[in-house]
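Topology and contacts: notes
So you can see what is in the structure, the chains are spelled out below.
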Amino acid sequence: MDKSYAKAQEYDRCDTLSGFRDEFYIDDEKIYFDGNSLGILSKRAEKTALDALKSWKQYGIDGWTEGEEPWFYLSERLGTKTASLIGARASEVVATGSTTVNLHQLVSTFYQPKGSKTKILADELAFPTDIYALQSQLKLKGYDPEEHLVFVNSRDGKTFDEEDMIEKMTEDVALIVLPSVLYRSGQILPMKRLTKAAHDRNIAIGFDLCHSIGVFPHHLHDWGVDFAVWCNYKYLNAGPGAVGGLYVHHKHMAQTPGLTGWFGSRKDKQFDMEHDMTPADDAGAYQLGTPHILSAAPLIGSLELFEEAGLEQLRKKSLALTRYMMELAESKLEGMGFSIANPREDEQRGGHVYLEHREAARICKALKAKGIIPDFRAPKGIRLAPVPFYNTFTEVWRVIDRLQMIMEKETYKKYKNQRGVVA
Ligand SMILES: *Cc1c(COP(=O)(O)O)cnc(C)c1O
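Residues numbered from 1 in each chain as written. Predicted model: local features only at pLDDT ≥ 70, side-chain atom pairs only at ≥ 80, totals over all residues. Heavy atoms only, no water.

Short version of the rule: UniProt positions are given in the numbering used here, feature names are shortened, and annotations may be inferred rather than shown by experiment.
Under the annotation held in an unreviewed UniProt entry, the chain carries the name Kynureninase and is attributed to Salicibibacter cibarius. Looking at the chain in UniProt, the text filed under Sequence similarities (unreviewed entry) is "Belongs to the kynureninase family."

What to know about the pattern of salt bridges
For clarity, the threshold we go by: Note on definitions: salt bridges are taken to be side-chain nitrogens of Lys or Arg within 4 Å of carboxyl oxygens of Asp or Glu. Secondary structure is summarised from DSSP: a helix means a run of H or I of at least four residues, a strand means a run of E of at least two, and numbering begins at the N terminus for each. Burial status follows relative accessibility: with a 1.4 Å probe on protein chains alone, a residue under 20% of its type maximum counts as buried, one over 50% as exposed, and anything between as partly exposed.
Enumeration according to the criterion identifies 31 salt bridges in this entry. The partner of Glu356 in a salt bridge is Lys158, with the nearest N and O atoms 3.6 Å apart. One end of the pair, Glu356, is in strand E10 (residues 353-356); the other, Lys158, is in the loop between strand E4 (149-152) and helix H7 (162-167), with 198 residues separating them in the sequence. Note that Asp268 is salt-bridged to Arg266, the shortest N-O span being 3.0 Å. Residue class for Asp268 comes out exposed when judged on its relative accessible area of 54%. Ionic contacts of the salt-bridge type, sharing partners, join the residues Glu23, Arg44, Glu304 and Glu308 into one network.

What to know about the UniProt feature "binding site: pyridoxal 5'-phosphate" (unreviewed entry) in the chain
This is how it is decided: Residues count as neighbours in contact if any of their non-hydrogen atoms are within 4.5 Å of one another.
As annotated in UniProt, the feature "binding site: pyridoxal 5'-phosphate" (unreviewed entry) corresponds to Thr99, Thr100, Phe127, Pro128, Thr129, Asp130, Asp208, His211, Tyr233, Trp262 and Thr290 in the numbering used here. A stretch of 192 residues holds the annotated residues, and the largest C-alpha distance among them is 30.3 Å, long enough that they do not meet in one place. Turning to its location among the elements, Pro128 is positioned in helix H5 (residues 128-140). Note on Pro128: relative accessible area 34%, which makes it partly exposed. With respect to the element layout, Asp208 can be found in strand E6 (residues 204-208). A relative accessible area of 7% means that Asp208 is categorised as buried. Setting aside residues no more than four positions away along its own chain, Asp208 makes contact with Thr99, Asp130, Leu178, Pro179, Ser180 and Val229.

So, unusual backbone geometry
Of note, the bond from Ala378 into Pro379 is cis; its omega dihedral lies within 30 degrees of zero at 0°. By secondary structure assignment, the location of Pro379 is in the loop between strand E12 (375-377) and strand E13 (381-384). At Asn202, a residue that is not glycine, the phi angle is positive and equals roughly 60°. Locating Asn202 in the fold gives a position in the loop between helix H8 (191-200) and E6.

What to know about the packing of aromatic side chains
How two aromatic rings sit relative to each other is given by the distance of their centres and the angle of their planes. Applied cut-off: Only centres within 6.5 Å qualify two rings of Phe, Tyr or Trp (six-membered ring in Trp) as a pair; their planes then separate them into stacked at under 30 degrees, edge-to-face at over 60, and tilted for everything else.
Under the criterion given, the structure shown has 18 aromatic pairs. With 5.2 Å between their ring centres and 80° between their planes, Tyr11 and Tyr324 make a pair best called edge-to-face. Of the two residues, Tyr11 sits in helix H1 (residues 5-13) while Tyr324 sits in helix H11 (residues 311-332), which places them 313 residues apart along the sequence. Members of the aromatic cluster, connected to one another through ring pairs, are Trp64, Trp71, Phe72, Tyr73, Trp262, Phe263 and Phe271.

Digging into the sheet that holds E12
In a beta sheet, neighbouring strands pair by backbone hydrogen bonds and run either parallel or antiparallel. Selection criterion: When DSSP finds at least two bridges between two strands, those strands are taken to pair.
Spatial strand order, E9-E10-E13-E12: 4 strands in an open sheet with antiparallel pairing. If you trace the sheet from one side to the other, it starts and ends with strand E9 (339-340) and E12, each paired once. Where E10 and E13 come together, 4 bridges link them in antiparallel fashion. Across the sheet, Tyr354 pairs through a bridge with Arg383, a residue of E13.

Things to note about helix H4 (residues 99-110)
Rules: In this scheme, a helix's expected span is set at 1.5 Å multiplied by one less than its residue total.
Taking 1.5 Å of rise per residue, 12 residues should cover 16 Å, and H4 covers 16 Å from first to last C-alpha, within 8% of that figure. Most of H4 sits inside the fold, with 9 of its 12 residues counted as buried. Among the residues making up H4, those that are buried are Thr99, Asn102, Leu103, Gln105, Leu106, Val107, Ser108, Thr109 and Phe110. Elements in contact with the buried residues of H4: strand E3 (119-123), H5, strand E5 (173-179), E6, strand E7 (227-230) and strand E8 (245-248).

Here is the structure:
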């Protein structure tokens, strides 16, 4: 391959999405490759956040129904705008809560143990909060998680074989909760096939989309996925602690949510203030209390950018960036103790590259000292996410070049091989 910087520059010149970099606040002294943990601020998201403050300033309580984005309808409107990213109907999506809260909500709704069908199936590499939520939901229904939470095992400690997953879908499983993309290795799980296998065995299935929403197109409705949850602060760039989102398939709309609150009411009934709740007939029913307007407002602007760029285009560039990074890493970091631990195939690779190295913690510190922001995942993972909206091929080149230099000069040895508080 052509490893020259000039080649990277040429890729940038051919990049049809390059104009979007100006939509973001980029610190030119740094290279930000951590958009899979916290996306950076766009001018659009800033504007819609400030608009929400302006509405508050101008209208006070009337902001619920006045202004450009009346707060009373905002969660549903954001749901409608998000639906196209995940292949859902507008009525199946709402912006609300957080991944953890929404998972509690939907597991409390969809986990209906009966007779000997009592188990929840998850994966042994799952993000901890998902497991904590499943454990507590089991306990709330009187089941011991030690026995009733069962796991698919990974053969290599990084990825899963789909046949192993299907094999674990036994008679006694009532519910399956899996990620769409594994947060460490970036492996994409085959949601369509897993959903079909689950339904063939009469098991409900939900996905955590934290690492896939905004990365590639989904077809949740057509695949028949029962439910999904996600956050909007990673690839969706809606800001720290931004409101999350949930999806519930149309066919389930008639059921009463496991957790109810007044914002799940039918909109025209909510302010009747009756003690008998009339749930909304769309995904809005799964809301709990008053929406967090100020942490939802940046998402309005973020979603505009997705509409303008197009998810297919973003995916194409993301794959090109990560493919380029792997090729450079293979040739420039050879024999330095790195292994590329994400799947190589486009259909199986999410939005980031995952390198493993024994000295990962201090290599990340050495990168940070040089203005490169990676994402360390203990014990030996380095996640590098070149985000197609705002990262470039020359940045990929510079990151791999810097890694090579850090290894050759052994500058990482200046640091302790321990993680910081957050990463
Ligand atoms: C980021 C992430 C979460 C975070 O959940 P919050 O409720 O937003 O804190 C959960 N699950 C996965 C897979 C994640 O990647």
